[in-house]
Each structure stands twice: as structure tokens, then as C-alpha cells.
Amino acid sequence: MNASISPADIGSASLDEEIARAELYGVLARLFYAPPDPAFAAGLRAAATEAPMAGAFLETPWRDLVAAARDMDDPSLHDEYEALFGGLGKPEVYLYGSHYLNGFLNEKSLVGLRNDLAALGLARDPAMPETEDHIAYLCEVMRYLIAGEDAAQCHLANQRKFFGDHLLPWVPAMCDALSAHPRARFYAALSEFTRAFASVEAQGFDMLP
């Protein structure tokens, strides 16, 4: 999973709001899926720190995220990711919706998610080791629903439904777990940006007729 532009471009005034939304989902997917590689980390450190979307609500958490990236070197970012999400057995912090919704992995919420993905014409790449309820996978789906070319599927109604059914019910709990973890530095900042972005998305969808 890779964002199609550098995070350094996210603050650019040339990006309209819908492109910025899609690219922010791409950045979240990339950072939650794996530790940032050196090129991606460098792009994040070089990012403008004004609000990445219209409105100032995201400006402070975005600035804090960029500052956290600047304060850590590449090995430290890698080590933090592995400490929080990697290793064998139970991770320190889960990135799967079924854990927060059902208390266990691979539970009934995953079945419903797979049914909804099938209705959208989407399926998990067999090469991907994570299940579809991984936060990175869900962010990539949102990115597709915003920026994809299939007008029959990629529209606001499907964005609102998918977000409301499969992200909003559990992402705040994941952010709470990350923010509270004593070993989280960069990923604590990412959790707060994720929380703020999810709040903006929820408010925007609530305003739709």
C-alpha cells in the first residue's frame, strides 16, 4: 500500500478537497500498514505544516505528526512500529476492527465487511497477509471510493455508508489505545491525527442530505 504522492504535497493549496481527502486516506493506509520507508519518512518530514485540508481543525494534529516524524530517525520509526504492531503473537495494539467490535479477531463483523466489499466489487489481494478489517485496508477502500473512476460505486453515498459501518464504530477506540501506550511517540501523534480526520469525515457525512 502506497500513497500516490509524497506526504510533503498534502499541504499544497493546489490540491482540492476531494483529492486531499483521498490522499490523506492513502497516507494513513501507508503508515498503518508498515513502518515508513526512508523516502516516505523524508517526504513526511518535509511536509508543509499548515492544514492539509480546508479548515483549521486538522492543522494542529497534522503539525504534531510532522514534528514527531522530524524528531525520530528512520530506525526509531521502524522500531516503534514493530514494538506496537509487530512480532509474534498478540500485538501491543490491534489494528483490526473485529478486535474492537467483537473482542476477537475474524469475528462476525468481518463477515459483514466482506459482504459489503463484494457488493462494491472489491476483494482482498491473496498476497496480503492481513484481513480486510485492518485499518490500512479500510483506508484504501475509502480512498478508492473517493478517487476511483467507477462512478457507479465511487460516490458520496457509498463513502458515507462504508465509513459509518466499518470505520467510525471502532477507530476512536483504536486511537485511544495508541495514544495511551507508553511506547507510542510517532504513532501516538498519528492516532491523534487519525482521530481528528475521522471526526472531520463524520461531520461532513452528517451534513449530507
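Everything quoted here is computed from the prediction, not taken from an experiment. Residue numbers here run from 1 along each chain, matching the order of that chain's written sequence. Local features in this predicted model are restricted to residues of pLDDT 70 or higher, and side-chain atom pairs are both shown and tallied only at a pLDDT of 80 or more, whereas totals for entire chains, interfaces and linings draw on every residue. Here the side-chain values reflect all heavy atoms present in the structure, with hydrogen atoms and water set aside.

K.L.:
Can you walk me through the overall build of the protein chain in this structure?
P.N.:
Secondary structure elements follow DSSP: runs of H or I no shorter than four residues count as helices, runs of E no shorter than two count as strands, and numbering proceeds from the N terminus. Of the regular secondary structure elements, the protein chain holds ten helices and zero strands. Going residue by residue from the N terminus, the α and β elements of the protein chain occur as α-α-α-α-α-α-α-α-α-α. Pairs at least 24 apart in sequence give 67% of the contacts found in the protein chain among residues at least 6 apart. In these tables, accessible area is a Shrake-Rupley quantity obtained with a 1.4 Å probe, and a residue counts as shielded only by the protein chains included in the view. In the form shown here, the protein chain has an accessible surface area of approximately 9,700 Å², with 55% of it arising from carbon and sulfur atoms. The criterion used for residue contact is that any of the two residues' heavy atoms lie within 4.5 Å.

K.L.:
Looking at this structure, how should I read the nonpolar core?
P.N.:
Side chains that are nonpolar tend, in soluble globular proteins, to be buried together. By nonpolar core we mean a set of buried residues, namely Ala, Val, Leu, Ile, Met, Phe, Trp, Tyr and Cys, connected to one another through side-chain atoms within 4.5 Å. For every residue, the accessible area obtained with a 1.4 Å probe (protein chains only) is divided by the maximum for its type, and the residue is called buried under 20%, exposed over 50%, and partly exposed between those limits. Of all hydrophobic cores here, the largest spans 59 residues; its most connected members are Phe32, Ile135, Phe162 and Phe186. With residues near it in sequence (within four places) discarded, Ile135 still touches Phe32, Leu95, Leu167, Trp170, Val171 and Met174.

K.L.:
Would you take a moment to explain the packing of helix 6 (residues 108-119) against helix 8 (residues 156-166) for this structure?
P.N.:
Between two packed helices, what matters for the description is the angle formed by their axes and the separation of those axes. To get an axis, a line is fitted to the C-alpha atoms, and for a helix only the part in contact is used. The angle between two axes follows their N-to-C directions and goes from 0 to 180 degrees. Relative to each other, helix 6 and helix 8 sit at 170°, their axes nearing to 11 Å. Compared by their axis directions, helix 6 and helix 8 come out roughly antiparallel. Together, Gly112, Leu113, Asp116 and Leu117 of helix 6 and Lys161, Phe162, Asp165 and His166 of helix 8 make up the contact between the two elements. For this classification, Asp, Glu, Lys and Arg are treated as charged, while Ala, Val, Leu, Ile, Met, Phe, Trp, Tyr, Cys and Pro are nonpolar and the rest, including Gly, are polar. Looking at side-chain class alone, the contact of helix 6 with helix 8 contains three nonpolar, two polar and three charged residues. For this classification, under 35 degrees means roughly parallel, over 145 means roughly antiparallel, 65 to 115 means roughly perpendicular, and everything else is oblique.

K.L.:
How should the side chain of Thr194 be read in this particular structure?
P.N.:
Mapping Thr194 onto the fold places it in helix 10 (residues 186-206). Look past the residues within four positions of Thr194 in its chain and what remains in contact with it is Leu28, Phe32, Val171 and Cys175.

K.L.:
When you look at the environment of Leu117 in this model, what are you seeing that I'm missing?
P.N.:
Looking at the element boundaries, Leu117 is found in helix 6. When near neighbours in sequence (up to four residues on either side) are disregarded, Leu117 contacts Leu122, Glu132, Tyr137, Val141 and Phe162.

K.L.:
Help me out: how do you make sense of the packing of helix 4 (residues 74-85) against helix 10 in this one?
P.N.:
In contact at an axis separation of 9 Å, helix 4 and helix 10 are set at 70° when each is read in the N-to-C sense. By the angle class used here, helix 4 and helix 10 are roughly perpendicular. Of the residues in helix 10, those in contact with Leu77, Glu80, Tyr81, Leu84 and Phe85 of helix 4 are Phe186, Tyr187 and Ala188. In terms of residue class, the contact of helix 4 with helix 10 is made up of seven nonpolar, no polar and one charged.

K.L.:
What is the right way to read the pattern of salt bridges from this model?
P.N.:
Where charged atoms from two side chains of opposite charge approach closely, those side chains can pair. Any Lys or Arg side-chain nitrogen located within 4 Å of an Asp or Glu carboxyl oxygen qualifies as a salt bridge. Per the stated rule, a full pass over the model turns up twelve salt bridges. The shortest N-O distance in the salt bridge between Arg21 and Glu201 comes to 2.8 Å. Here Glu201 lies in helix 10 and Arg21 lies in helix 1 (residues 17-33), a separation of 180 residues in the sequence. Arg21 sits in the buried class, given a relative accessible area of 4%.

K.L.:
Honestly, the packing of aromatic side chains in this entry has me stumped. Any pointers?
P.N.:
Two measures describe an aromatic ring pair: the distance that separates the ring centres and the angle between the ring planes. Stacked, edge-to-face and tilted labels apply to pairs of Phe, Tyr and Trp rings (six-membered ring for Trp) whose centres lie within 6.5 Å, assigned for plane angles under 30 degrees, over 60, and everything in between, in that order. On inspection of all chains with the given rule, the structure shows ten aromatic pairs. Geometrically, the ring pair formed by Tyr100 and Trp170 is stacked, given 5.6 Å between the ring centres and 15° between the ring planes. Of this pair, Tyr100 sits in helix 5 (residues 97-102) while Trp170 sits in the loop between helix 8 and helix 9 (171-180), and the two are 70 residues apart along the sequence. Taking the relative accessible area as the measure of exposure, Trp170 reaches 1% and is therefore buried.

K.L.:
What am I meant to see in the side chain of Gln159 here?
P.N.:
Structurally, Gln159 is set in helix 8. Polar contacts, as counted here, are pairs of nitrogen or oxygen atoms within 3.5 Å of one another; within protein the pair requires one atom able to donate a hydrogen and one able to accept it, and residues that are adjacent in sequence qualify only if both atoms are side-chain atoms. Of note is the side chain of Gln159, whose polar atom sits 2.9 Å from the side chain of Arg21. Ignoring sequence-local partners within four residues, the contact set of Gln159 consists of Glu18, Arg21, Met142, Leu145, Ile146 and Phe205.

K.L.:
Is there a simple way to think about the environment of Leu44 in this case?
P.N.:
If you trace the backbone, Leu44 turns up in helix 2 (residues 38-45). With relative accessibility at 2%, the residue Leu44 sits in the buried group. In this structure the C-alpha to C-alpha distance between Leu44 and Leu65, which are 21 residues apart in sequence, comes to 8.6 Å.

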